[in-house]
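Remarks on the overall topology
Single-letter residue listing:
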Amino acid sequence: MVTPPGLKGLSAPVPNINYFTPKHQQSPGTPVTLDASTPTLFTPLNIRDVTLRNRITVAPMCQFSTAPDGPSIGSLTDYHIATLGHFALKGAALVFVEATAVQFNGRISPYCPGLWDDAQIQGLRRVSTFVKSQGALAGVQLAHAGRKASTAPPWVAGSTQFKKGSLRVGKEHYGWPDDVVGPSGGIEQTWDGLGLEEQGGFWPPRALSQGEIKELVADWGHAARRAVEAGVDVIEIHAAHGYLIHEFLSPVTNHRTDSYGGSFENRTRLLVEIIQAMRNEMPTGMPLFLRVSSTEWLDSTEVGHKYGTWTVEDTIRLAKLVSPLGVDLLDVSSGGNHPTQTVNPFMTKDYQTKIAAQIRKSVRASGSKLLVGAVGMITEADQARDLVQADRLLAQEAADARNATQAMAEEEPSADILLIGRQFLREPEWVLRVAWKLGLDVSWPNQYLRVRFPNL
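Residues numbered from 1 in each chain as written. Predicted model: local features only at pLDDT ≥ 70, side-chain atom pairs only at ≥ 80, totals over all residues. Heavy atoms only, no water.

For the chain, the name recorded in an unreviewed UniProt entry is NADH:flavin oxidoreductase/NADH oxidase N-terminal domain-containing protein, with Aspergillus versicolor CBS 583.65 as its organism.

So this is what it looks like as structure tokens:
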């Protein structure tokens, strides 16, 4: 776009897009002055060929707001530009599109986005273009819901008598009850254990054949290729929360007796093949993230004792396996694979961040450079700062610089980046507010300068 004569030198446009949006004088959410005193939270981070302007990322969050059928099925819309674009405008470093299905039956609900068809590329491209025009990176989380598919949006499920889980969606409401899949099948594999009982909330899955698994792996690769064509900067694999890949990883849900079940090597085989298929379709400079449920919180439960369970130790082993395959960051979440899990994620703010720190410490001790992301109930400025900050503590007062240097001890941070979800829904300006609370002067969008928080 050509800059109008009256705007030259005053408000240059963002280049290479077909509409005018002014280029910010300095990228929002970055320190006005970057120096040694800047909290790590607001320092840039390079991952392969991309740079995050700070360490705060918008985690993928289901919005259930795409068309359930017709020519625009699964495609992102202006709603997603408005919501995701707003987070980018106000300083988030990387903005992820919610769980995006690699197959038609991989959606959580009929209203979830997908990338199983080339027709869905354009919607994602429009979102990524706007996000990047505001100085942020655009990401997409590729997923398959497995046995938790064909369910209703939560506000629909919450409006019924079913208070536990999600409401099953049948063909009359755009669902696919006969094509809900998992590593193992049968009515006993229904997520909530209620089968087809009236009060149940999920469909019984059928077991995938080996041929279907091969198709699934290929479709992850095809979806990655479409994401690249749509202009995203980062792709994340969703292998957490009881969705399909997690179902294969866990002995709770994977009862297969072929090469995809049984041993750790076999249960991780699907994920390994998916990583390889995706990396074949991705530029070498594009980062690949992996979200995992680091523990299922089933160690002390009846189901955990019966089948075994996925643990933090398994996650550490997995981290060391996938890093050489091309995974750059492990996004550490937890739970979601069985309703008898023993943790209430709303009762503590460090139920996952402590695990992230444990995993990061172990992975780094092995010599791996795999990055770690922390997620879950991160809401406060000092909490966010401390999670990524290496604490430098003086063991004693020193009279001179030499003694001070000797007395300096450094403690490793809990994580390299933060993935924030619900707090961004409450406060889209959370990045700017955190900086203000920390007493850090950061840049704001040009259009919002008149309401900038006062400097402390």
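Having put the structure on the table, let's press on.
**Here's the deal with the pairing of strand S4 (residues 94-101)**
Most of S4 is tucked away: 8 of the 8 residues are buried. Judged from the 6 bridges that link them, S4 and strand S5 (residues 137-143) form a sheet pairing that is parallel. Its bridge partner being in S5, Val 95 is matched across the sheet by Ala 138. Handedness of the S4-helix H2 (residues 121-133)-S5 crossover: right-handed. (Buried < 20%, exposed > 50% of the residue type's maximum accessible area, 1.4 Å probe, protein only. Helix = DSSP H or I, 4+ residues; strand = E, 2+ residues; numbered from the N terminus. Pairing = 2+ DSSP bridges. Right-handed = clockwise from strand over helix to strand, strands pointing away.)

**What to know about the environment of Pro 287**
With respect to the helices and strands, the residue Pro 287 is situated in the loop between helix H7 (269-279) and strand S9 (288-293). Pro 287 sits in the buried class, given a relative accessible area of 0%. In this view, Pro 287 contacts Ile 47, Arg 48, Val 50, Asp 233, Val 234, Ile 235, Arg 279, Met 282 and Asp 328; residues no more than four positions away in its chain are not counted. (Contact = heavy atoms within 4.5 Å.)

**Quick notes on the nonpolar core**
With 89 residues, the main nonpolar core has Leu 142, Ile 235, Ile 237, Met 278 and Leu 290 as its most contacted residues. No other element matches helix H4 (residues 210-229), which puts 7 residues into this core. Not counting residues up to four positions away in its chain, the partners in contact with Ile 235 are Val 140, Leu 142, Ala 224, Ala 227, Met 278, Met 282, Met 286, Pro 287, Leu 288 and Phe 289. Val 50, Ala 59, Leu 94 and Leu 137 belong to the second-largest nonpolar core, a separate cluster that totals 16 residues. (Core = buried A, V, L, I, M, F, W, Y, C linked by side-chain atoms within 4.5 Å.)

**Some thoughts on the packing of aromatic side chains**
Evaluated as defined, the whole model comprises 10 aromatic pairs. When the ring of Trp 191 is compared with that of Phe 202, the centres are 5.1 Å apart and the planes differ by 50°; the resulting orientation is tilted. Of the two residues, Trp 191 sits in the loop between strand S6 (181-182) and strand S7 (206-207) while Phe 202 sits in the loop between S6 and S7, which places them 11 residues apart along the sequence. For the pair Trp 191 and Phe 202, a shared accessibility class is recorded, and that class is buried. Seen from their ring centres, Phe 264 and Trp 310 are 5.8 Å apart, and the 10° between their planes marks the pair as stacked. Of this pair, Phe 264 sits in helix H6 (residues 264-267) while Trp 310 is found in the loop between helix H8 (302-307) and helix H9 (312-322), placing the two residues 46 residues apart along the sequence. The two residues Phe 264 and Trp 310 agree in class, both being buried. These aromatic residues form a ring-pair network of at least three members: Phe 87, Phe 424 and Trp 430. For Lys 148, the ring lying beneath its charged end belongs to Tyr 243, and the centroid distance is 5.0 Å. (Phe/Tyr/Trp six-rings, centres within 6.5 Å; stacked < 30°, edge-to-face > 60°. Lys NZ or Arg CZ within 6 Å of the ring centre and 35° of its normal.)

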